[in-house]
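Letter by letter, the chains look like this.
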Amino acid sequence: MNARTTALSVDGKVVDLPTLDGTIGPSVVDIASLYKETDMFTYDPGFTSTASCQSKITYIDGDDGVLLYRGYPIQELAEHGDFLETCYLLLEGELPTTTQKADFDYRVTRHTMVHEQMMRFFQGFRRDAHPMAIMVASVGALSAFYHDSTDISDEKQRMIASMRMIAKMPTLASLAYKYHVGQPFIYPRNDLDYTTNFLHMCFAVPCEEYKPNPILSRALDRIFILHADHEQNASTSTVRLAGSSGANPFACIAAGIACLWGPAHGGANEAALKMLQEIGTVDRIPQFIARAKDKNDPFRLMGFGHRVYKNYDPRAKIMQRTTHEVLNELGHKDDPLLEVALELERIALSDEYFVEKKLYPNIDFYSGITLKAMGFPTEMFTVLFAVARTVGWIAQWKEMIEDPSQRIGRPRQLYTGAPARDYISIAQR
Ligand code: SDX
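An unreviewed UniProt entry annotates the chain as Citrate synthase originating from Chelatococcus reniformis. On record in UniProt, under Sequence similarities (unreviewed entry), the comment for the chain is "Belongs to the citrate synthase family." According to the UniProt record, the Catalytic activity (unreviewed entry) comment for the chain reads "oxaloacetate + acetyl-CoA + H2O = citrate + CoA + H(+)".

So, in structure tokens, the structure goes:
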């Protein structure tokens, strides 16, 4: 059967471009030969209509609010599994058997410590350094410690680096937090599950025994599952582009953390909570809605809107339920921030501006309220997002490295600068 093509007419010349179909979702027109055939580039600065790769990991249907990890709906994984099961699924492509799961948990648990020299690394930061700045630096610094897992051409080293990243992110995040609040570092414990261990490293103090709260551990584990991967978002695309040059995995993840920090992306959970605090009370919501609609005002409702989801973000629904669980468990069910958030959501979803522009709450809208109730400062919200997203970044990075057609990413441009001109000596300027 002849391969499917799409005809493109350029200045009267018709170019037949290969058209590829995926398992589900939009097909793609392969434009790799376009420049050679037409001396023209395509132009799509925000990549709104551009597929950068083929991937088997995550599928999003923005119109129907669908999110699948390796084909499994996010709702089912969040309901029935735990975060390390999701990590195994994203990395290996299949749900683990009981034996595979036990082995994976064992291996991750025994990579949670960081080199003791790294503890001194943190002493160089100011106490008020933003924890995301510390994470960018300390994750990048892992390449200075783990030379035995930076050769990306070696499959074994790729897997060791992947396990180390997943295992050490909670430890580094807790070190960043403890340093930020001026408390002593707490070492990981092998008798605790992944998320309980993280909460222990963050909130235990040497002066008393830490009592794990299984409801909070389960809630945070579910939050990690919701944030684990999300197709070719900005930070994942950053990791892929960095990895395409052959950079080591720790440096690539550090690049992803830097990109995630932005308020339009992973920094939105911190920005959304600050926005709710600025609104303060329900009666002040209309003025903020008016600002969000005002073309001359750069203000946007943080936690609303999404490049892909033009229907409800399926993660936001699960996040909202988790928020109620945590607030009820902690006795904060009358949290004024939740009251403002629920009323803001109700008003926004009935306002024709937001309906017409298909602006719904995204995952960041509710996560901040939950994490604040759990005791995390706002500066730590995006750090927690990075802890969860590391497995997605690593899975996408591995998929790219193992793709035989992979080449260095090197986009072109539409040049609108000065044409060639002669140098003028300073005396003549
Ligand atoms: C994440 O990509 C991913 O998958 C990301 C993520 C992941 O898991 O990796 O899902 C995580 O980053 C979620 C998004 C978190 N960001 C925010 O909550 C910040 C607030 N949202 C916006 O900045 C915005 O909605 C984006 C960045 C999320 C999406 O931007 P787009 O797709 O480029 O949309 P746009 O800026 O072109 O907006 C389209 C229209 C514009 O109006 P017009 O120019 O057409 O008149 O909608 C308006 C915007 O002004 N608009 C908003 C708005 N978001 C878009 N107006 C008010 N408030 C908002 N939040």
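A. How the structure looks around the sheet that holds strand 4 (residues 58–61). Read across the sheet, three strands follow the order 4-5-6 without closing on themselves; strand pairing throughout is antiparallel. The sheet is open, and its two borders are formed by strand 4 and strand 6 (72–73), each paired with just one other strand. Summarising the sheet, strand 4 and strand 5 (residues 66–69) pair through four bridges and their orientation is antiparallel. In the sheet register, Asp61 faces strand 5, and the bridge partner there is Val66.

B. Examining the UniProt feature "active site" (unreviewed entry) in the chain more closely. Annotation from UniProt places "active site" (unreviewed entry) at His306 and Asp364. On the basis of their most widely separated C-alpha atoms, the annotated residues across 59 residues gather in one place, lying no more than 10.5 Å apart. Within the local environment of His306, its side chain forms a polar contact with the backbone nitrogen of Val308, the two atoms lying 2.9 Å apart. Looking at the secondary structure, you find Asp364 in helix 17 (residues 363–373). We classify Asp364 as buried; its relative accessible area is 6%.

C. Up close: the sheet that holds strand 3 (residues 28–29). Sheet architecture is open: three strands sit in the order 1-2-3, paired in antiparallel fashion. Edge positions in the sheet fall to strand 1 (5–10) and strand 3, since each has one partner strand and no second. Pairing between strand 2 (residues 13–20) and strand 3: two bridges, direction antiparallel. When the bridges of strand 3 are listed, Thr19 appears paired with Val29.

D. The pairing of strand 1, seen in detail. When strand 1 meets strand 2, the two strands line up antiparallel, connected through six bridges. The residue bridging Thr6 from the neighbouring strand is Leu17, located in strand 2.

E. Layout of the site of the ligand. Neighbouring the ligand are 24 residues, the closest being His230, His306, Arg307, Arg315 and Arg389. For the ligand, an oxygen atom lies 3.0 Å from a polar atom in the side chain of Lys295. Backbone polar atom of Phe304 to a nitrogen atom of the ligand: 2.9 Å apart, as the coordinates give it. Summarising the interface, the protein chains cover 77% of the accessible area of the ligand, which totals 1,100 Å² for the free molecule. Looking at the shell around the ligand, its residues break down into 10 nonpolar, seven polar and seven charged.

F. Examining the pattern of salt bridges more closely. In the structure shown here, the tally under the stated rule is 20 salt bridges. The residue Asp82 makes a salt bridge to Lys101 at a minimum N-O spacing of 2.9 Å. Note that Asp82 is positioned in the loop between helix 2 (74–80) and helix 3 (83–92) and Lys101 in helix 4 (residues 98–109), a separation of 19 residues in sequence. The exposure class assigned to Asp82 is partly exposed, which follows from its relative accessible area of 27%. Lys101 sits in the buried class, given a relative accessible area of 15%. The shortest N-O distance in the salt bridge between Lys398 and Glu402 comes to 3.4 Å. On the basis of relative accessible area, Lys398 is assigned to the buried category, the value being 9%.

G. Quick peek at the packing of helix 15 (residues 336–350) against helix 17. Remark: helix 15 packs on helix 17, axes separated minimally by 11 Å, with the N-to-C direction vectors making an angle of 170 degrees. It follows that helix 15 is roughly antiparallel to helix 17 by the angle criterion. Along the contact surface, helix 15 presents Leu337, Leu338, Ala341, Leu342, Leu344 and Glu345, while helix 17 presents Phe365, Tyr366, Ile369 and Lys372. Residue composition of the contact of helix 15 with helix 17, grouped by class: eight nonpolar, no polar and two charged.

H. Quick peek at the pairing of strand 5. Counting the residues between successive antiparallel strands, the hairpin from strand 4 to strand 5 contains four residues, one of them, Gly65, with a positive phi of roughly 65 degrees. Between the end of strand 5 and the start of strand 6, which pair antiparallel, lie two residues, with Arg70 showing a positive phi angle near 50 degrees.

I. Structural detail: the packing of aromatic side chains. For the structure on display, the rule yields 21 aromatic pairs. An angle of 35 degrees between the planes, with centres 4.7 Å apart, marks the rings of Tyr35 and Phe41 as tilted. Tyr35 gets classed as partly exposed once you look at its relative accessible area, which sits at 40%. Aromatic rings pair up to connect Phe83, Tyr177, Tyr194, Phe198, Phe203, Phe224 and Phe376 into one cluster. Arg127 extends its terminal NZ or CZ atom over the ring of Tyr179, reaching a point 4.1 Å from the ring centre. The lysine or arginine in question, Arg412, covers the ring of Tyr35, its NZ or CZ lying 5.9 Å from the ring centre.

J. Broad picture of the nonpolar core. Counting residues in each nonpolar core, the largest one holds 113 residues, and the members touching the most others are Leu344 and Phe376. Broken down by element, the residue count for this core peaks at 14 residues, all from helix 18 (residues 381–401). Excluding anything up to four places from it in sequence, Leu344 contacts Met275, Leu276, Ile279, Ile285, Ile289, Leu301, Phe304 and Phe365.

K. Representation of helix 18 within the structure. Here helix 18 spans 30 Å end to end across 21 residues, near enough to the 30 Å set by a 1.5 Å rise per residue. Bending of helix 18 peaks at approximately 40 degrees at the position of Arg389. A large share of helix 18 lies buried, amounting to 21 of its 21 residues.

Rules and cut-offs
- Residues numbered from 1 in each chain as written.
- Predicted model: local features only at pLDDT ≥ 70, side-chain atom pairs only at ≥ 80, totals over all residues.
- Heavy atoms only, no water.
- UniProt positions renumbered as here; feature names shortened; annotations may be inferred.
- Pairing = 2+ DSSP bridges.
- Helix = DSSP H or I, 4+ residues; strand = E, 2+ residues; numbered from the N terminus.
- Polar contact = N/O pair within 3.5 Å; in protein donor to acceptor, adjacent residues only side chain to side chain.
- Buried < 20%, exposed > 50% of the residue type's maximum accessible area, 1.4 Å probe, protein only.
- Near = heavy atom within 4 Å.
- Areas by Shrake-Rupley, 256 points an atom, 1.4 Å probe, with all protein chains shown as cover.
- Nonpolar A, V, L, I, M, F, W, Y, C, P; charged D, E, K, R; others polar.
- Salt bridge = Lys/Arg side-chain N within 4 Å of Asp/Glu carboxyl O.
- Axes fitted to C-alpha atoms, helices over the stretch in contact; angles between N-to-C directions.
- Parallel < 35°, antiparallel > 145°, perpendicular 65-115°, else oblique.
- Contact = heavy atoms within 4.5 Å.
- Phe/Tyr/Trp six-rings, centres within 6.5 Å; stacked < 30°, edge-to-face > 60°.
- Lys NZ or Arg CZ within 6 Å of the ring centre and 35° of its normal.
- Core = buried A, V, L, I, M, F, W, Y, C linked by side-chain atoms within 4.5 Å.
- Expected span 1.5 Å × (residues − 1).
- Bend = angle between axes of the 7 residues up to and from the residue.

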